[in-house]
Amino acid sequence: MKTILAVDDSGSLRQMLSFSLKAAGYGVIEAVDGQDGLDKAKQQQVDMVLTDQNMPGMDGLSLIKALRAMKNYRNVPILMLTTESGDDMKAMGRAAGANGWLVKPFDPARLTEVVKKLIG
Amino acid sequence: MAAHDMSPSERLSAQVMHLLSGVSEHGDQHLAEVERDLVQMDVLLDEAIKKLCASFMAIHHAVDRQQEALDGLRAEGRLAPGHAARFEALRGEIDRNVAAAVTGLQFQDMTSQLIGRMVQHLAGLRDVFGALDTNAPVLPESSNEALLATLSQISDRVGACCTERAGGVRSTVNQRHMNSGDIELF
């Protein structure tokens with residue numbers, strides 16, 4: 001089973017992400033912010049990371065940069081899932097190493113379609 | 001000093017200070033109330049969404065168990081073909097509504113971010129009202145020059161408040177479409 005790390009400071013968002021991805025057959029590890037996400041990514045290799053941008057402490061862009069600096073996360077797909085939709089932020093996400101940008105709220109079918117495209 | 005003993009210049013100074021002090025005090029009181037209500041609104045929304053999420057999960061599990069029971073009946077051939085088709089159509093309807101609920105339950109996250117931004121802006125406005133208060137009911141010197149100097153100091157303090165929060169809190173929630181957001185793969 002492929003495992004996805006879902007990073008978001010909103011409990012309801014994590015719950016909905018987890019629900020949607022588990023229903024599609026993926027394992028989900030939840031993290032409450034960037035630092036928690038980084039710690040969990042180090043503890044267990046995951047197949048994909050879905051992260052929010054605006055979180056207390058370490059934000060999504062910093063998490064992506066930290067993950068891309070790790071050899072075992074250089075090629076792991078990372079998607080931003082955020083309320084932000086500005087082109088400048090998307091460009092920053094792309095430069096940091098994100099593979100895609102999803103604007104909240106997500107539709108579960110469209111989300112799992114993208115996830116399947118990236119990790120099968 | 002009684003008002004009738006004051007020179008026009010002193011009365012003007014006293015009135016200006018009284019006005020600024022009143023605006024500062026009452027403005028701050030009203031903003032504090034708004035801030036308290038916004039924080040409480042955020043707490044209530046959070047609680048509402050937790051309860052809705054819990055109910056949603058419970059309903060979903062119950063529907064799953066019901067579906068398992070129906071699948072069992074169908075496997076045993078105890079469902080009429082017409083009923084089986086009807087249940088299949090209902091299952092599709094349930095899936096569509098579950099997807100809509102998953103999308104809908106995410107709006108609290110965005111609302112909460114907006115409330116947080118409003119609270120920070122209120123704090124900025126309270127700083128501005130605080131800067132209006134001279135803590136001096138009557139100016140030590142009563143000349144127009146002294147009044148102008150005091151007003152200039154107040155103006156500088158207000159300017160400093162604005163500079164401190166220059167740019168404000170960046171807006172991160174600009175959703176206009178109430179359906180799901182865009183997806184872009186790089």
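Keep in mind the model is a prediction, meaning the values are calculated, not measured.

Here we look at the overall build of chain B
- Helix and strand counts for chain B stand at 4 helices and 1 strand.
- Taken from N to C terminus, the helices and strands of chain B fall in the order α-α-α-α-β.
- Taken against the 2.2 N^0.38 rule, which gives 16 Å for 186 residues, the C-alpha radius of gyration of chain B at 31 Å runs more than 25% over that of a compact globule.
- Its C-alpha atoms put chain B at 105 × 45 × 20 Å along the principal axes.
- Within chain B, contacts between residues separated by at least 24 positions form 82% of all contacts whose residues are at least 6 apart in sequence.
- Summed over its atoms, the accessible surface of chain B is roughly 12000 Å², and 58% of this surface lies on carbon and sulfur atoms.
- For chain B, the separation between the mean place of its 16 positive charges and that of its 26 negative charges on side chains is 10 Å.

Digging into the pairing of strand β2 (residues 27-31) of chain A
All names here are of chain A.
- Among the 5 residues of β2, 4 are classified as buried, and the element is accordingly described as predominantly covered.
- Sheet topology places strand β1 (residues 3-7) next to β2; 5 bridges connect them, and they run parallel. Bridged to Ala6 within β2 is Glu30.
- For the crossover from β1 across helix α1 (residues 11-23) to β2, the handedness is right-handed.

Focus: the side chain of Thr83(A)
- Here Thr83(A) is to be found in the loop between β4 (78-82) and α4 (87-96).
- When its relative accessible area of 1% is taken as the criterion, Thr83(A) is described as buried.
- Engagement of the side chain of Thr83(A) in a polar contact is seen with the side chain of Gln113(B), the distance being 3.5 Å.
- Not counting residues up to four positions away in its chain, the partners in contact with Thr83(A) are Asn54(A), Val103(A), Lys104(A), Asp109(B), Met110(B), Gln113(B), Thr172(B), Val173(B) and Gln175(B).

Some words on the pairing of strand β3 (residues 48-51) of chain A
Residue and element names in this part refer to chain A.
- Burial of β3 is two-sided: the residues Met48 and Leu50 facing one way and the residues Val49 and Thr51 facing the other way are all buried.
- Looking at chain direction, β3 and β4 are connected through 3 bridges and run parallel. In the strand pairing of β4, Thr51 is matched with Met80.
- In terms of handedness, the path from β3 via helix α3 (residues 60-68) over to β4 forms a crossover that is right-handed.

Cut-offs used in this document
- Residues numbered from 1 in each chain as written.
- Chains lettered and ligands numbered in written order.
- Predicted model: local features only at pLDDT ≥ 70, side-chain atom pairs only at ≥ 80, totals over all residues.
- Heavy atoms only, no water.
- Helix = DSSP H or I, 4+ residues; strand = E, 2+ residues; numbered from the N terminus.
- Rg over C-alpha atoms; globule rule 2.2 N^0.38 Å.
- Contact = heavy atoms within 4.5 Å.
- Areas by Shrake-Rupley, 256 points an atom, 1.4 Å probe, with all protein chains shown as cover.
- Lys, Arg positive; Asp, Glu negative; His and termini not counted.
- Charge placed at Lys NZ, Arg CZ, Asp CG, Glu CD.
- Buried < 20%, exposed > 50% of the residue type's maximum accessible area, 1.4 Å probe, protein only.
- Pairing = 2+ DSSP bridges.
- Right-handed = clockwise from strand over helix to strand, strands pointing away.
- Polar contact = N/O pair within 3.5 Å; in protein donor to acceptor, adjacent residues only side chain to side chain.

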